[in-house]
2 protein chains.
Amino acid sequence: MPADRPRIVIVGSGFGGMAAARALRRVSAKVTLVDRTNHHLFQPLLYQVATAALSPADIATANRVLLRGSSNMRVLMAEVTGIDTATRAVLLRDGRRLPYDYLVLATGAAYSFFGHDEWREHAMVLKSLEDALAIRARLLDAFERAEQSSDPAETRRLLTFAIVGGGPTGVELAGTIAELARTTLARDFTCIDPQGTRVVLCEAGERLLSAFDPALSAYAADALASLGVEVRTGTAVEAIDSTGLMLGEERIDAGAVLWCAGTEARPAARWLGAEAARNGAVQVETDCSVPGHPEIFAIGDVASFDGGEGRPLPGLAPVAKQQGAHVGRLLAARVAGRSEPGAFRYRDHGTMAVIGRARAVARLGGMQLKGFVAWLAWSLVHLLLLVDFRSRLLVYVNWSWAWFTYGRGARLLMRETQAAPHSLPTDEIGIGEP
Amino acid sequence: MPADRPRIVIVGSGFGGMAAARALRRVSAKVTLVDRTNHHLFQPLLYQVATAALSPADIATANRVLLRGSSNMRVLMAEVTGIDTATRAVLLRDGRRLPYDYLVLATGAAYSFFGHDEWREHAMVLKSLEDALAIRARLLDAFERAEQSSDPAETRRLLTFAIVGGGPTGVELAGTIAELARTTLARDFTCIDPQGTRVVLCEAGERLLSAFDPALSAYAADALASLGVEVRTGTAVEAIDSTGLMLGEERIDAGAVLWCAGTEARPAARWLGAEAARNGAVQVETDCSVPGHPEIFAIGDVASFDGGEGRPLPGLAPVAKQQGAHVGRLLAARVAGRSEPGAFRYRDHGTMAVIGRARAVARLGGMQLKGFVAWLAWSLVHLLLLVDFRSRLLVYVNWSWAWFTYGRGARLLMRETQAAPHSLPTDEIGIGEP
């Protein structure tokens, strides 16, 4: 340990990195939290930004605000491009080096296209606020274009949304887009009927929400069907292009393809030259340290932690938060020369997925919940998990308003989204005039 | 008049266009509202989006929502590029033509650089939501860059914000940026002291807020000075470049130059071949119609209406709203064959400008108000003027939160804003480490 106060660098301000930083607030060390954005994002509600129900600021808070008042803490907005483990320094995009004595990697995961990187330019993903705003613009723009189109096939394509991946994000997006079309937008157009919107949820596996009990998967499929979502399980997507996708042998023309299938860890394993799991995550020891590097820890989606029976822990927010808190406590003890906590143990309180207005599925402790009760539990838990009072208040206000009015408050299209030319005939506008 | 129901086209969904559309909701005509965005924007609070106090969705509402339930009304998101007055059609960017029997032009104004169009790429303006988000990103990014800079001159430049134009928008931005630096951000940085932020408000005329009583101008200058704003009147800006501006003979290096000086009308006069005032606005008759075109009306900032003594009415929201309502009533009467209202008369209820927390100036009826009373009046009036209940509720919640915490909830920087490389030395980060 250096004579001076040790330098702890945390890379990533998601659930894991922020939990680690907060656990280190009073520790006698120089702590630096690095992220390429300036905020902590509550990812579980990101799909509500993508579907115009919430604003970015409702679910994101500046890192500096969350770590305010800790004199040992520095926040740095910069992009990490590598690690020099020999000299113990984090390398930044602008060429600078950030020396560390202890390093916590919490860089998360990105979407993986299973080797089909050419699909990336046609399919939209949902990981960041930019992603959510891009999806929101694409959805709203599709309705505006369809309203102005005089080609029925093109109208039908624009109003078809294909979602790939039947996990919680895919289920939540499919349900919310169907509701958006059938309630919020239903009365707002002259030439098109948004209720004719087609939402197709494609899952290659045999059932949706494979992490849940089969009975809950079946409930979710039924609930989505009642919202008008076409649930297509057991067939893999074979191709994605600019106007749609191939689901097995079937062509589905779509105005937007949203990719919610597999993820892969961001490249921390490559930075370290460490052993990686199949999804690129760093295989870590029982204390979350990297093998051969007791001074480096990996937590959350960028880590692969053996959860028993050879299966890694799932890529969920609670895993990241608990690992962050664990590593924070461990480093606090190490810096103070106290005895360190032992192996990390994940306390699994359950998991949830929301399907639409007043419908959700949840596993809480040993209970399997579905329907309104599960939705109520989901709403309460997510409100309480939001990181600050202001976010809770704003999300509560927005949800209450949406509940009573069926409205979506963030239906904003700015000029830029019109940059792509509309594929429209050059003639007088007459179709469907009021 | 055509045998069929007449076609009324309104271009622009700002205060004027929306007021006209709302006045025509029950009229037996085919009404089309065209705008290049999909929303109505409450511009008077745009500076609060630019300074991270409000989210875009708090002050913008989809046009379709505002005009919902009117079966005679169509909303079209498209960009207008010209008018063919001979065949009576509006020309759209994609080549289509939108025929009209009556046309209402409410396209507003843009910022004018007094012939120095080369300044446009260096100075930021505040007219649209994109503008506001760009200013917000520039302001927040300046503090992040300054925090990481090891060059004191560059730090000082980054933390200098120059605002050109001492009208209400310039005064509001200057006061809010000074408050942002001195309260919200004051405790959040390690290497810089945001309280050292320099805000320079440049006004070529002899006093700020020239539309107000001189005593109120003096009060505003004092109030800004007490917030730490350097108020510089009586000297014109001679040049603007990428790192600052020349105020007379004096160089001011700045991290951002915000342009709030003169405006010019959008090019409706050119479209019409009509006579234009000095700022490009269409000179209109007493009923807001365009001379020689009784079927075309121009309202709001795009119109120049003689307000008496040869002076045009000012470019204020109430003028646009009242003119929109007037033209709406006029067209409703004309379509129904009833007698039309006479000349438009502006009812001047007053005007206001806010300087910061709990300080404002206002002229209300015959009263001159300043300080807390004026600020209270400003807050109430603006809450009530917001177009829907949801916006009122969200703005109220955000304001209340900001009042008690001195916080700004929308302090978000996304990755894109980092695209420009930081001008930083390639070395280890050591300066100011905690």
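Residues numbered from 1 in each chain as written. Chains lettered and ligands numbered in written order. Predicted model: local features only at pLDDT ≥ 70, side-chain atom pairs only at ≥ 80, totals over all residues. Heavy atoms only, no water.

**Thoughts on the overall build of chain A**
What counts, and what does not: A run of H or I in DSSP counts as a helix once it spans at least four residues, and a run of E counts as a strand once it spans at least two, with each numbered from the N terminus. Two things to know: the radius of gyration comes from C-alpha atoms, and the globule rule equals 2.2 Å times the number of residues to the power 0.38. Each residue's exposure class comes from its accessible area (1.4 Å probe, protein chains only) as a fraction of the maximum for that residue type: buried when under 20%, exposed when over 50%, partly exposed otherwise. We call two residues in contact whenever any of their non-hydrogen atoms come within 4.5 Å of each other.
A count of helical and extended segments in chain A gives 12 helices and 26 strands. The C-alpha radius of gyration of chain A comes to 23 Å, within 12% of the 22 Å expected for a compact globule of 434 residues. A principal-axis box enclosing the C-alpha atoms of chain A has dimensions of 80 × 50 × 45 Å. Counting all 434 residues of chain A, 59% fall into the buried class. Sequence-distant contacts, at least 24 apart, represent 63% of the contacts inside chain A between residues at least 6 apart.

**A word on the UniProt feature "domain: FAD/NAD(P)-binding" (unreviewed entry) in chain A**
The condition is simple: UniProt positions are given in the numbering used here, feature names are shortened, and annotations may be inferred rather than shown by experiment.
In this numbering, the UniProt entry assigns the feature "domain: FAD/NAD(P)-binding" (unreviewed entry) to residues 7–324 of chain A. Structurally, residues 7–324 of chain A is divided into 29% helix and 29% strand, and its ends, taken at the C-alpha atoms, are 17 Å apart.

**Overview of the relation of the copies chain B and chain A**
Mapping between the two chain copies consists of a rotation about an axis together with a translation along that axis. Heads up, the condition is: The least-squares superposition of copies is restricted to C-alpha atoms, and to residues with a pLDDT of at least 70 in both copies.
Mapping chain B onto chain A leaves a residual RMSD of 0.0 Å; the transformation is a rotation of 180 degrees accompanied by 0.0 Å of translation along its axis. The superposition operator between the copies reduces to a two-fold rotation axis.

**A look at the interface of chain B and chain A**
As a reminder, the rule being used: For this analysis, a salt bridge means a side-chain nitrogen from Lys or Arg found within 4 Å of a carboxyl oxygen belonging to Asp or Glu. Identification of polar contacts relies on pairs of N or O atoms within 3.5 Å, with a donor-acceptor requirement for protein atoms, meaning one able to donate a hydrogen and the other able to accept it, and with residues adjacent in sequence counted only if both atoms are side-chain atoms. Put simply, Ala, Val, Leu, Ile, Met, Phe, Trp, Tyr, Cys and Pro go in the nonpolar bin, Asp, Glu, Lys and Arg in the charged bin, and everything else, Gly too, in the polar bin.
If you look at the interface, chain B gives 69 residues, while chain A gives 69 residues. For the pair chain B and chain A, the number of links is four salt bridges. The residue A:Arg68 makes a salt bridge to B:Asp188 at a minimum N-O spacing of 2.6 Å. For the pair chain B and chain A, the number of links is 20 residue pairs in polar contact (both at pLDDT 80 or more). Residue assignment for the side of chain B that touches chain A shows that the elements contributing at least two residues are strand E2 (30–35), helix H3 (56–59), strand E4 (60–62), helix H4 (63–66), strand E5 (73–77), strand E8 (97–99), helix H5 (129–148) and helix H12 (389–405) of chain B. Split by residue class, the side of chain B that touches chain A holds 29 nonpolar, 17 polar and 23 charged.

**Digging into the sheet that holds strand E22 (residues 293–298) of chain A**
All names here are of chain A. As a reminder of what qualifies: Each pair of strands is called paired provided DSSP finds at least two bridges between the two strands. Fitted lines through C-alpha atoms serve as axes, helices being fitted only where they are in contact, and the angles separating the N-to-C directions of these axes extend from 0 to 180 degrees.
Read from one edge of the open sheet, six strands run E5-E2-E1-E9-E22-E21, paired in mixed fashion. The sheet is open, and its two borders are formed by strand E5 (73–77) and strand E21 (289–290), each paired with just one other strand. Two elements, E21 and E22, share two bridges in a ladder whose sense is antiparallel. Considered in E22, the bridge of Val290 is made with His293. Strand contacts of helix H1 (residues 15–23): strand E1 (7–11), strand E2 (30–35), E5 and strand E9 (102–105), with the helix running at about 155 degrees to E1, the strand carrying the most contacts.

**A look at the side chain of A:Thr176**
Summarising the element assignment, A:Thr176 is placed in helix H7 (residues 168–184). Beyond its immediate stretch of four places on either side in the chain, A:Thr176 contacts A:Tyr47, A:Thr51, A:Ile355 and A:Arg408.

**Some remarks on the environment of B:Pro291**
Residue and element names in this part refer to chain B. Summarising the element assignment, Pro291 is placed in the loop between strand E21 (289–290) and strand E22 (293–298). The exposure class assigned to Pro291 is partly exposed, which follows from its relative accessible area of 42%. Each C-alpha atom of the pair Pro291 and Ser339 lies 20 Å from the other, and the pair is 48 residues apart in sequence. Beyond its immediate sequence surroundings of up to four residues, Pro291 is in contact with Gln283, Val284 and Glu285.

**Description of the packing of aromatic side chains**
Residues and elements named next belong to chain B. Under the convention used in this document: Only Phe, Tyr and Trp rings take part, Trp by its six-membered ring, and two of them pair if their centres are within 6.5 Å. Stacked means planes under 30 degrees apart, edge-to-face means over 60, and tilted covers everything else.
Summed over the entire model, instances satisfying the criterion amount to 18 aromatic pairs over all chains. Ring geometry for Phe113 against Trp259: centres 4.7 Å apart, planes inclined by 20 degrees, an arrangement best described as stacked. Of this pair, Phe113 sits in the loop between strand E10 (109–111) and strand E11 (123–124) while Trp259 sits in strand E18 (residues 256–259), and the two are 146 residues apart along the sequence. Note on Trp119 and Trp259: the rings are 5.8 Å apart at their centroids and 65 degrees apart in plane angle, and the pair reads as edge-to-face. Within this pair, whereas Trp119 is found in the loop between E10 and E11, its partner Trp259 is found in strand E18, the two being separated by 140 residues in sequence. Exposure remark for Trp119: the relative accessible area of 4% places this residue in the buried category. Residue Trp259 is classed as buried on the basis of its relative accessible area, which comes to 2%.

**A few points about the pattern of salt bridges**
Residue and element names in this part refer to chain A. Counted by the stated rule, this structure contains 42 salt bridges over all chains. Close ionic contact of Glu179 with Arg408 constitutes a salt bridge, the shortest N to O distance being 3.8 Å. You can see Glu179 sitting in helix H7 and its partner Arg408 sitting in the segment after helix H12 (389–405), a full 229 residues away along the chain. The same class applies to Glu179 and to Arg408, which are both buried. The salt bridge involving Arg363 is made with Asp348; its shortest N-O contact spans 3.3 Å. Remark: Asp348 occurs in the loop between helix H10 (317–336) and strand E24 (350–356) and Arg363 occurs in strand E25 (residues 359–364); sequence separation between them is 15 residues. Judged by its relative accessible area of 38%, Asp348 falls in the partly exposed class.

**A closer look at the pairing of E1(A)**
All names here are of chain A. Here is the rule we go by: With its strands directed away from the observer, a crossover is right-handed exactly when the path from the first strand over the helix to the second travels clockwise.
Most of E1 sits out of view: four of its five residues are buried. Summarising the sheet, E1 and E2 pair through five bridges and their orientation is parallel. Each bridged residue has a counterpart across the sheet, and for Val9 the counterpart in E2 is Thr32. Regarding the hand of the β-α-β motif, the stretch spanning E1, H1 and E2 is right-handed.

**Side note on the packing of H1(A) against H10(A)**
All names here are of chain A. Using the following cut-off: For classification, angles of less than 35 degrees are called roughly parallel, those exceeding 145 degrees roughly antiparallel, those between 65 and 115 degrees roughly perpendicular, and all remaining angles oblique. The sense of a crossing depends on the near helix, which, turned anticlockwise from the far helix by less than a right angle, makes the crossing left-handed and, turned clockwise, makes it right-handed.
Close contact between H1 and H10 brings their axes to 7 Å; oriented N to C, the two are set at 30 degrees. Of the possible angle classes, the one that applies to H1 and H10 is roughly parallel. Where H1 crosses over H10, the handedness of that crossing is right-handed. Packed against H1, whose contacting residues are Phe15, Gly16, Ala19, Ala20 and Ala23, the element H10 presents Ala317, Ala320, Lys321, Gly324, Ala325, Gly328 and Arg329 at the interface. Here the residues of the contact of H1 with H10 are counted per class, giving seven nonpolar, three polar and two charged.

**Observations regarding a nonpolar patch on the surface**
Which entries qualify depends on this criterion: In this scheme, patches are assembled from residues that exceed 30% relative accessible area and form no salt bridge. Like charges are connected within 9 Å, while nonpolar side chains (Val, Leu, Ile, Met, Phe, Trp, Tyr) are connected within 5 Å. Only the protein chains shown count as cover for residues, and the accessible areas themselves come from Shrake-Rupley with a 1.4 Å probe.
Taken together, the side chains of A:Phe372, A:Leu376 and A:Leu380 define a hydrophobic patch exposed on the protein surface, amounting to about 290 Å² of accessible area. Taking relative accessible area as the criterion, A:Leu376 reaches 39% and is therefore assigned partly exposed.

**Focus on the domain arrangement of chain A**
All names here are of chain A. Cut-off, in case you're wondering: Either an automatic procedure or a domain database provided the assignment from which the domain bounds are taken. Once two parts are brought into contact, the accessible area they lose, counted with a 1.4 Å probe and summed over both, makes up the buried area.
Once the domains are mapped, chain A shows domain 1 (7–36 + 78–111 + 263–336) and domain 2 (117–261 + 350–415). Taken over C-alpha atoms, the centre of domain 1 sits 32 Å from the centre of domain 2. Counting residues at the interface gives nine residues for domain 1 and 11 residues for domain 2. When domain 1 packs against domain 2, the two sides together hide about 740 Å² of surface, and 51% of this comes from carbon and sulfur. Scanning the region where domain 1 abuts domain 2 turns up zero salt bridges. Linking domain 1 with domain 2 are zero residue pairs in polar contact (both at pLDDT 80 or more). For the side of domain 1 that touches domain 2, the secondary-structure elements that each account for two or more residues are strand E10 (109–111) and strand E19 (263–265). Broken down by element, the residue count for the side of domain 1 that touches domain 2 peaks at three residues, all from E10. Residues belonging to the side of domain 1 that touches domain 2 are distributed by class as follows: four nonpolar, one polar and four charged.

**Things to note about the sheet that holds strand E7 (residues 89–92) of chain A**
In sheet architecture, strand pairing relies on hydrogen bonds along the backbone and comes in two forms, parallel and antiparallel. Residue and element names in this part refer to chain A. The three strands are arranged E6-E7-E8 in an open sheet whose pairing can be described as antiparallel. Two strands lie at the open edges of the sheet, namely strand E6 (80–84) and strand E8 (97–99), each paired on one side alone. Each adjacent strand pair in this sheet contributes to an overall mean axis angle of 25 degrees, direction not counted. Across three bridges, E7 lies against E8 in antiparallel orientation. Paired with Ala89 across the strands is Pro99, a residue of E8.

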